[in-house]
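# A structural walkthrough
What follows is each chain in one-letter form.
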Amino acid sequence: MSWIDLFTGLADLEGNARDLLEARSQVLRVPEGTTVFGPGREPDSLLLLLDGTVRVQKISETGREIVLYRVKAGESCVLTTACLLGQEEYAAEGVTETAVEAAAIPRPVFDELIAGSDAFRRFVFDNYSRRITDLFMVIEEVAFRRMDIRLAQRLLDLAQDGTVKATHQKLAAELGTAREVVSRQLAEFHRRGWIEQARGTIEITDRAAIAGIAATAA
């Protein structure tokens, strides 16, 4: 089975378009911790993830980070799509969080299929619209949602058997805030007896209380 069949939207590709995609695309394997794109660079291909996760983040001039979104298996990167369509340079960076397998569609092939294939064009713009919606949800959370709620939700998302392996800095990047803000909120959770902390580790000792905060309306 071709990798194309793993993406529902590509099943409707016209014969010529499918032949072009199969002949000119390439399946890549990228190790964990690799920066696959960064600011000031133009994309040379569209990556469709077959396996693994890519973290897309923005780093300010002062070094502060914010995680914008993650690209997982079965998805493409909205920023790459936008840069390909607008012939723009990246304004953020993408880093593999795990080993990644992806199909790379070269830019000339992308341009040709966008211009000539209705099915491919629908596939690209359907994925683009979904990812844009996700990105606006991130912006809304950063701008309007209470930090204690967002931190509680993130702790529950990251916890494995009640333990979160993350530094305060990493949590701050996930939430788009300063490390000091996260540290103060975690200290409050600790004061209430909801968590215990060690270096790089947070133990959730009262999951019901954390879940109660996470479920609170902003």
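These figures come from a predicted structure and were not determined experimentally.

UniProt tags residues 19-131 as "domain: Cyclic nucleotide-binding" (unreviewed entry). Within residues 19-131, the helical portion is 35% and the strand portion 36%, while the C-alpha atoms at the span's ends are 27 Å from each other.

Positionally, Asp 157 belongs in helix α5 (residues 147-158). In this structure, the C-alpha to C-alpha distance between Asp 157 and Ala 211, residues 54 residues apart in sequence, is 11 Å.

Quick look at the pattern of salt bridges now. In this structure the tally under the stated criterion is 14 salt bridges. Of the charged contacts in the structure, one is a salt bridge between Arg 18 and Glu 22, with a shortest N-O distance of 3.5 Å. With Arg 18 and Glu 22 both in helix α1 (residues 15-24) and four residues apart, the pair spans about one turn of that helix. We note a salt bridge from Glu 188 to Arg 191, for which the minimum N-O separation is 2.7 Å. Of this pair, Glu 188 and Arg 191 both sit in helix α7 (residues 179-191), three residues apart, which is roughly one turn of the helix. A single salt-bridge network, built from bridges that share partners, covers Arg 55, Arg 70, Glu 97, Arg 154 and Glu 174.

In this section: the domain arrangement of the protein chain. Assigned domains of the protein chain: these are domain 1 (3-116) and domain 2 (143-215). Centre-to-centre, using C-alpha coordinates, domain 1 lies 31 Å away from domain 2. Each partner contributes to the interface: domain 1 provides five residues, whereas domain 2 provides six residues. Buried area between domain 1 and domain 2, both sides added, is near 500 Å², and the carbon and sulfur share of it is 41%. For the pair domain 1 and domain 2, the number of links is two residue pairs in polar contact (both at pLDDT 80 or more).

So, on to the sheet that holds strand β4 (residues 53-59). Working definition: the strands of a sheet are paired by backbone hydrogen bonds and lie parallel or antiparallel to each other. Taken together, four strands build an open sheet; the order of strands is β2-β6-β4-β5 and the sheet is antiparallel. A single partner strand is all that each edge strand has here, and the edge strands are β2 (35-37) and β5 (65-72). Adjacent strand axes in the sheet meet at a mean angle of 30°, parallel and antiparallel pairs treated alike. Sheet analysis places β4 next to strand β6 (residues 93-96), joined by four bridges and oriented antiparallel. Directly across from Arg 55, in β6, lies its bridge partner Val 95.

Spatial ordering of the open sheet is given by β1-β7-β3, a layout of three strands whose pairing is antiparallel. Of all the strands in the sheet, the pair left with one neighbour each is β1 (26-30) and β3 (45-51). Averaged over all pairs of adjacent strands, the angle between their axes in this sheet comes to 35°, without regard to strand direction. The sheet contact formed by β1 and strand β7 (residues 100-106) spans five bridges and is antiparallel. Each residue of the ladder has a partner; that of Val 27, found in β7, is Ala 103.

What follows concerns the side chain of Ser 25. Here Ser 25 is to be found in the loop between α1 and β1. A distance of 3.4 Å separates a polar atom in the side chain of Ser 25 from a polar atom in the side chain of Trp 3. Separated by 2.5 Å, the side chain of Ser 25 and the backbone oxygen of Leu 21 make a polar contact.

Cut-off values and rules
Residues numbered from 1 in each chain as written. Predicted model: local features only at pLDDT ≥ 70, side-chain atom pairs only at ≥ 80, totals over all residues. Heavy atoms only, no water. UniProt positions renumbered as here; feature names shortened; annotations may be inferred. Helix = DSSP H or I, 4+ residues; strand = E, 2+ residues; numbered from the N terminus. Salt bridge = Lys/Arg side-chain N within 4 Å of Asp/Glu carboxyl O. Domains from an automatic or database assignment. Contact = heavy atoms within 4.5 Å. Buried area = accessible area lost by both parts, 1.4 Å probe. Polar contact = N/O pair within 3.5 Å; in protein donor to acceptor, adjacent residues only side chain to side chain. Pairing = 2+ DSSP bridges. Axes fitted to C-alpha atoms, helices over the stretch in contact; angles between N-to-C directions.

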